[in-house]
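Residues per chain are reported as follows:
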Amino acid sequence: MKESWSSLDTLETNFRPLVVIELAKGTKEETIEWFTKRIVDKKANGGAQLLIKPLVTENGDENIYLVGASHLRLLLGAETVGLVKECNDNSMRAFTYSSRKTFKDFADDNQNFLTMSECQYIIKHELENLRAKDEKMIPGYPQAKLYPGKSIVRRLLTNGILVQIFPLHDREELKKLRHTWYGQVKIGYQPLDEIRCYFGETIALYFGFLEYFTFALIPMAVIGIPYYVFAWEDYDKYVMFATFNLLWSTVILEVWKRICAVMTYRWGTLLMKRQFEEPRPGFHGVLGINPVTGREEPVYSSIKRQLRIYLVSVPFVCLCLYFSLYVMMIYFNLEQWALDYHEENKSNFSSLMLYVPSIIYAVVIEIMNRIYRYAAEFLTSWENHRLESSYQNHLILKVLVFNFLNCFASLFYIAFVLFDMKLLRQSLATLLITSQILNQFAESLLPYWLQKRHMKKMKKRMHSLKMDTDLSLVEQVNSEKEMGTYFGTFDDYLELFLQFGYVSLFSCVYPLAAVFAVLNNITEIYSDALKMCRVYKRPFAEPTANIGVWQLAFETMSVISVVTNCILIGMSPQVNALFPDSKMDLILTVALVEHLLLAIKFVMAFVIPDKPRDIQIKLAKLEFESLEALKKQQMKLAAESLKE
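Right, let's walk through the structure included here. Bear in mind that the values here come from a model prediction, so they are computed numbers and not experimental data.

Thresholds, definitions, all that
- Residues numbered from 1 in each chain as written.
- Predicted model: local features only at pLDDT ≥ 70, side-chain atom pairs only at ≥ 80, totals over all residues.
- Heavy atoms only, no water.
- Helix = DSSP H or I, 4+ residues; strand = E, 2+ residues; numbered from the N terminus.
- Contact = heavy atoms within 4.5 Å.
- Areas by Shrake-Rupley, 256 points an atom, 1.4 Å probe, with all protein chains shown as cover.
- Buried < 20%, exposed > 50% of the residue type's maximum accessible area, 1.4 Å probe, protein only.
- Lys, Arg positive; Asp, Glu negative; His and termini not counted.
- Salt bridge = Lys/Arg side-chain N within 4 Å of Asp/Glu carboxyl O.
- Polar contact = N/O pair within 3.5 Å; in protein donor to acceptor, adjacent residues only side chain to side chain.
- Phe/Tyr/Trp six-rings, centres within 6.5 Å; stacked < 30°, edge-to-face > 60°.
- Core = buried A, V, L, I, M, F, W, Y, C linked by side-chain atoms within 4.5 Å.
- Pairing = 2+ DSSP bridges.
- Axes fitted to C-alpha atoms, helices over the stretch in contact; angles between N-to-C directions.

Moving on, we get to the overall build of the protein chain. In terms of regular secondary structure, the protein chain is built from 20 helices and ten strands. Long-range contacts, defined as pairs at least 24 residues apart, comprise 73% of the intrachain contacts of the protein chain with a sequence gap of at least 6. With an accessible surface of roughly 32,200 Å², the protein chain has 63% of that area assigned to carbon and sulfur atoms.

This is the structure we're talking about:
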């Protein structure tokens with residue numbers, strides 16, 4: 001018997017809370033009744049067809065609700081979102097309810113066929129796709145206007161009626177994961193499969209890339225130490241080191257693609273169909289029909305979006321870049337003042353003062369980066385992109401351009417305008433080390449301390465109460481709702497991207513950059529694991545097949561590093577001595593070497609396949625089987641039409 005949405009029973013005797021919805025205190029009863037009705041209503045009526053029940057708290061306010069779903073509802077939802085699962089023949093295929101018996105470990109009574117993170121992802125998908133039909137406003141709030149196609153959850157959030165939606169932790173699974181992940185200090189690989197099952201593919205891929213990048217930096221660190229110790233000023237000896245660095249940056253990025261393909265195939269996300277992405281919750285417009293899917297969804301003029309981008313966003317970014325350069329020039333004035341002060345006094349204090357401008361500038365850079373990030377998020381949201389991928393690409397582009405200029409402009413100015421290699425080494429070391437310390441403190445240590453302090457106060461308050469309800473669940477919800485929100489891997493990838501720039505752009509000047517990067521990343525693995533498990537709420541899982549536009553960002557940085565290192569080597573006195581009569585010959589030689597290295601990089605990128613051979617065969621086999629199944633279906637329909 002084929003199950004359908006209309007026949008799906010929303011009643012479930014064993015209610016399993018998966019997601020928490022927190023409404024603002026004092027939310028009107030008619031609003032709560034309307035919203036909960038939309039959540040439990042049938043799909044045919046525009047509802048989500050989920051289960052919901054209030055959580056009774058110590059003060060009796062019913063502003064917190066627990067959301068779950070029946071087992072059948074989750075299976076049908078898995079088909080809707082296109083989850084890929086392993087079949088009995090060890091192949092990976094998109095899950096369909098009609099062929100559920102062909103999937104490994106499936107049984108009608110097996111509630112663990114879908115992981116908890118997958119169930120929460122399905123519920124999030126359904127809640128985000130609750131859209132207004134005929135409503136003109138949120139009941140009880142005339143100022144909260146609605147129109148057909150508007151995301152209900154988004155409107156509730158922007159009007160402060162809905163405080164937050166977050167998935168619950170599984171305490172037992174989290175305890176096991178903490179022990180295997182960071183509970184013991186050891187040299188070994190991270191439990192990426194367990195991280196993926198608990199947090200989803202996006203976060204697992206970040207930790208996989210962080211681990212891989214750290215191991216890949218070790219050869220650079222090992223080779224860089226003797227260059228730093230024994231041959232500091234002999235730039236001609238850095239030619240081999242810089243060449244190795246440039247080829248190394250290409251190889252590690254190409255090999256990562258292969259490792260990523262193996263992992264995401266095993267997890268099923270490499271096969272997920274993403275070409276028909278649904279509109280992001282923040283997208284708004286007049287309700288219309290998608291010409292591809294035939295579904296109702298908001299429609300917004302692309303011309304209006306382009307006008308917003310080119311007439312507002314681009315000028316704003318240019319203004320911020322100008323301000324960044326202005327701050328940079330103030331830094332150089334401070335640097336000159338410190339140098340003059342040292343020349344006059346020649347004391348230990350004046351020697352320390354030489355590093356003060358760089359430290360202040362590093363702190364200012366971090367502050368400016370964080371302020372600009374908020375502005376970039378606001379602008380990108382205001383541009384009203386239809387797809388989440390488009391939104392992320394425009395946001396990343398804005399942030400990368402500013403961060404690149406903000407972090408590296410001073411280094412380029414020192415290297416190619418001032419020609420001061422000693423100051424370049426000093427500035428590079430100061431910026432790298434200071435930014436690493438600040439990031440570790442701001443991202444992990446400070447939030448962990450604040451969270452631990454809050455948990456002590458909350459536990460004292462909870463245990464002083466006498467409650468008839470499930471204390472453990474109430475305690476869990478109340479503790480998790482006060483945790484910080486993890487806003488995704490954006491900042492984590494950005495930190496690695498900037499670190500990659502410090503290591504590769506000026507490798508021939510400061511070989512120890514890779515050493516500090518390795519030391520930072522080892523602690524980063526443990527601190528990031530700590531913040532995911534102890535500091536932040538559990539994030540919703542997000543299926544992904546790769547690290548997205550960050551792969552292109554890292555590859556672009558590696559190309560820029562070829563140019564910078566070739567120019568730096570060409571500027572060295574030893575290389576200049578080889579061309580005493582003609583500077584044009586020097587420029588042409590450097591340009592030739594740079595083009596040759598770039599050619600080698602692109603050839604290597606072309607020669608190294610993005611996917612291993614066995615993965616390519618499996619993907620081709622699945623495509624062949626899909627075509628054969630389609631042919632059989634068409635032949636069956638043709639035969640039936642001939643009979644008629």
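Once you've had a look at it, read on.
Structurally, E211 is set in helix α7 (residues 201–230). Although buried, E211 forms no salt bridge, and the nearest oppositely charged side chain, R266, lies 9.5 Å from it. A polar contact is formed between the side chain of E211 and the backbone nitrogen of Q190, at a distance of 2.6 Å. With near-sequence residues (within four places) excluded, E211 lies in contact with G188, Y189, Q190, L192 and I525.

Now for the packing of aromatic side chains. By the definition in use, this model includes 33 aromatic pairs. Relative to F207, the ring of W181 lies with its centre 4.7 Å away and its plane at 80°, an arrangement referred to as edge-to-face. Taken as a pair, W181 in helix α5 (residues 171–181) and F207 in helix α7 lie far apart in primary sequence, 26 residues in all. For the pair formed by W181 and F207, the shared burial category is buried. Measuring from ring centre to ring centre gives 5.7 Å for Y189 and F215, while their planes differ by 45°; the resulting arrangement is tilted.

Attention now goes to the nonpolar core. Among the nonpolar cores identified, the biggest contains 107 residues, and W181, F199, F408, L424, F497, F506 and W550 are the most heavily contacted of them. No other element matches α7, which puts 14 residues into this core. If near-sequence neighbours (up to four positions away) are discounted, F408 is found in contact with N403, L498, G501, Y502, L505 and M557.

The four strands are arranged β2-β3-β1-β8 in an open sheet whose pairing can be described as antiparallel. Since the sheet does not close on itself, it has two edges, and those belong to β2 (51–54) and β8 (162–167), each with one partner. Each neighbouring strand pair of the sheet contributes to a mean axis angle of 20°, computed without reference to strand direction. Pairing between β2 and strand β3 (residues 64–68): four bridges, direction antiparallel. The partner of P54 across the bridge, within β3, is Y65. Of the strands in this sheet, β1 (19–23), β2 and β3 touch helix α1 (residues 29–40), which is tilted by about 160° from β1. Strands β1, β3 and β8 of the sheet are contacted by helix α3 (residues 116–128), whose axis makes an angle of about 40° with β1.

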